[in-house]
Amino acid sequence: MLLALGLTLSLTLSFTLGLAPSVAHAHGGGSNDVPSASELPPGPIKKDLLGIRRRLQTEKLDEELLERPLAEVLRSVERTRGAKAAGDARHGAQLEQLANRWLKAARAVLKAVLAERRASRAATQLRDREQALDRAAALLSEQQARLGRLQAQVAAAEAAAKKRGLPREEGPADGRERGR
Amino acid sequence: MKYPSRSAAGGLVVMVAGLVFGGCRPIPPPDVLATIDEVRRAPAAAQAKASAPDVYAEGDRLRREARRAYDDGDVAGAQIIGEQALAAYEEAVAVARGVRAEQRRVAHEAASAEAAERLSALEVEHQSVAAEIAALEKRLVVLQAINQPLGAGQAAGARRQARDEATRTLALEARLLCLAGTMLAAGRPKPDGLNEAEASLGALEPAPKEDAETAPDGGEGRSGVALERAMRARSACLRGLSLVRRKLLEGSGTGTDNLGGADALLDGLGEAAIPSARLGRDERGVTVSLFGAFDRGEATLSEVGRRQLEVLSEVAARFEGPPLLVVVHGPPAGGRNDRRGTTVVTELRRRAGADRVPDATLAGAAQPLVDPEGPLAAQNERIDVVFVTAQLD
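None of these values were measured; they are calculated from a predicted model.

Definitions and cut-offs
- Residues numbered from 1 in each chain as written.
- Chains lettered and ligands numbered in written order.
- Predicted model: local features only at pLDDT ≥ 70, side-chain atom pairs only at ≥ 80, totals over all residues.
- Buried ≥ 20, exposed ≤ 12 C-beta atoms within 10 Å, placed from the backbone.
- Helix = DSSP H or I, 4+ residues; strand = E, 2+ residues; numbered from the N terminus.
- Pairing = 2+ DSSP bridges.
- Expected span 1.5 Å × (residues − 1).
- Arc of directions from axis to C-beta.
- Contact = placed C-beta atoms within 7 Å.
- pLDDT = per-residue confidence, 0-100.

> Any chance you could explain the pairing of strand S5 (residues 382–388) of chain B here in plain terms?
Along a regular strand, successive side chains alternate from one face of the sheet to the other. Residue and element names in this part refer to chain B. Among the seven residues that make up S5, seven are buried, leaving the element largely enclosed by the rest of the structure. Across the two faces of S5 the burial is the same, with Arg382, Asp384, Val386 and Val388 and Ile383, Val385 and Phe387 all buried. Where strand S2 (residues 285–291) and S5 come together, seven bridges link them in antiparallel fashion. Bridging across to S5, Phe291 finds its partner in Arg382.

> What should I look at first to understand helix H11 (residues 303–318) of chain B in this one?
Since the α-helix turns once every 3.6 residues, residues separated by three or four places project in the same direction. All names here are of chain B. Relative to the 22 Å expected for 16 residues at 1.5 Å per residue, H11 spans 23 Å between its end C-alpha atoms, a close match to the ideal helical length. Of the residues making up H11, those classed as buried are Gly305, Gln308, Leu309, Leu312 and Ala316. On an axial view of H11, the arc spanned by its buried residues comes to 95 degrees, and they lie on one face. Exposed and oriented more than 90 degrees from the buried face of H11 are Glu303, Arg306, Glu310 and Ala317. Contact partners of the buried residues in H11: strand S1 (277–282), S2, strand S3 (324–329), helix H12 (336–352) and S5.

> Which parts of the structure should I look at to understand the confidence of the model for chain B?
Keep in mind that low pLDDT regions are not for reading the predicted coordinates in detail. All names here are of chain B. Summary statistics for chain B give a mean pLDDT of 82 and a share of 82% for residues scoring 70 or more. Within chain B, helix H4 (residues 53–71) carries the highest mean pLDDT (95), whereas helix H8 (residues 209–214) carries the lowest (48). Scored as a complex, the prediction yields pTM 0.53 and ipTM 0.72.

> What am I meant to see in helix H2 (residues 44–58) of chain A here?
Residues and elements named next belong to chain A. For H2, which comprises 15 residues, the first-to-last C-alpha distance of 21 Å matches the rise-based estimate of 21 Å (1.5 Å per residue) to within 8%. All buried positions along H2 are accounted for by Ile45, Leu49 and Ile52. Within H2, the buried residues cover an arc of 60 degrees as seen down the axis, which keeps them to one side. Seen from the buried face of H2, the exposed residues on the opposite side, beyond 90 degrees, are Pro44, Lys47, Gly51, Arg54, Gln57 and Thr58.

Below, the structure written as structure tokens:
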């Protein structure tokens, strides 16, 4: 009886102290209750966050592109608040650094997305120019063919004119006579 | 004294052992540390290591710091710093994406610029071929007009118009050939053939259009006569120019050597790369056609025009023999062409010598390069500067 009780107690303790993910989300890391950007207290993080949001709107980009890093910023800010409220200044400072890290990541993603858009536009421009080049080359080929045909026509007309005889030095009457 | 039973003692032992080996078991590392290792092994991180080494190194530093925090028993700190490492790796991956996109943009833009350059070259070639086609079409019209028997029935209006245009072109060519001969003779006695050719130019004034239209044969007879006269005048002037050349060559070694040949001059002009200019050669010598030399519709030299004349003058100074014939092409516009001609002549005289450059000849619209009614009609407005050479090669 006592043997069974000891075994049960020890297993319960093991789970409680060892296997439970008590630190996996330090200071509210697992909480889903995060504020929105506008609800943040004034400060550089809020300013940067709102700045990134504005840029997304200005550039007409989907907010989903930065969903993860921005959500992590908000979550980190909330965890910072919790840690500081609990009097844990050291981890509070680390969480504030974490918020800033995610802000940097968000800015880097935004920069990458904009660079990709510029690259895509450059690719489109290149494709357009290459198509224009193909058209111009085709047009030139047609023109050169036309030029060749004209050269042949002119050569034939010149031969005919030579055969007919070039006008002589006499007066205008001569020309009229020859024509009639 | 009563001792506990054997089974109770066994239970106590198990409980103590459970507390020692279960309850005091060390806290496992946060999951984030394992996640970091997975992230580092991903191909995107490997690319980031190459494209964004600084940010990636920062991720590595934070990873080590997280591990150290865990070893020191600061599990919460290990979790937070581990997450910082994850954020740094994510930043590195994003920076690498940006770098690759920038590389693609630069490559595309370079290729695009190259394509634009090739396109521009093709357009120049296209214009050149178009001009050649236009010239050949004009030539064909002239030849067809020549080959068409005069008075063979009532001429169509279009045919008469073609003849009139051909007459104007031939008359202009005749005048320019005679002028080239005179310029080349330069104070020496002109051969009789050239004097006779110049006399024939007086008979080239075409009949007024109204007269032609009201004539009983629709002007067919008149236009045919005018065409014949223009052709004869052109032949005579060409013959006159050839006579001058022959005389000059016969007297070579007596101060005429420097009148030069066309080949060397053409090479020199080609090397000079005059902007927006087309080089060609004809019976007169080497022709440089300057496009866009003047502001549109104005008689003010454009920026390109100033550069064109500067380069052209340098070449003219280098090849100091051949006289320069300036021909202004473009529909008459209230003295504008005259002013344009004066500007070019003044500039060339200042740099190449006054005695080499007579007053400009106004060609009007008699020698269009392209259809005067077409979209490229502006190309007909140009300045031809002809280096009248003693030899054609």
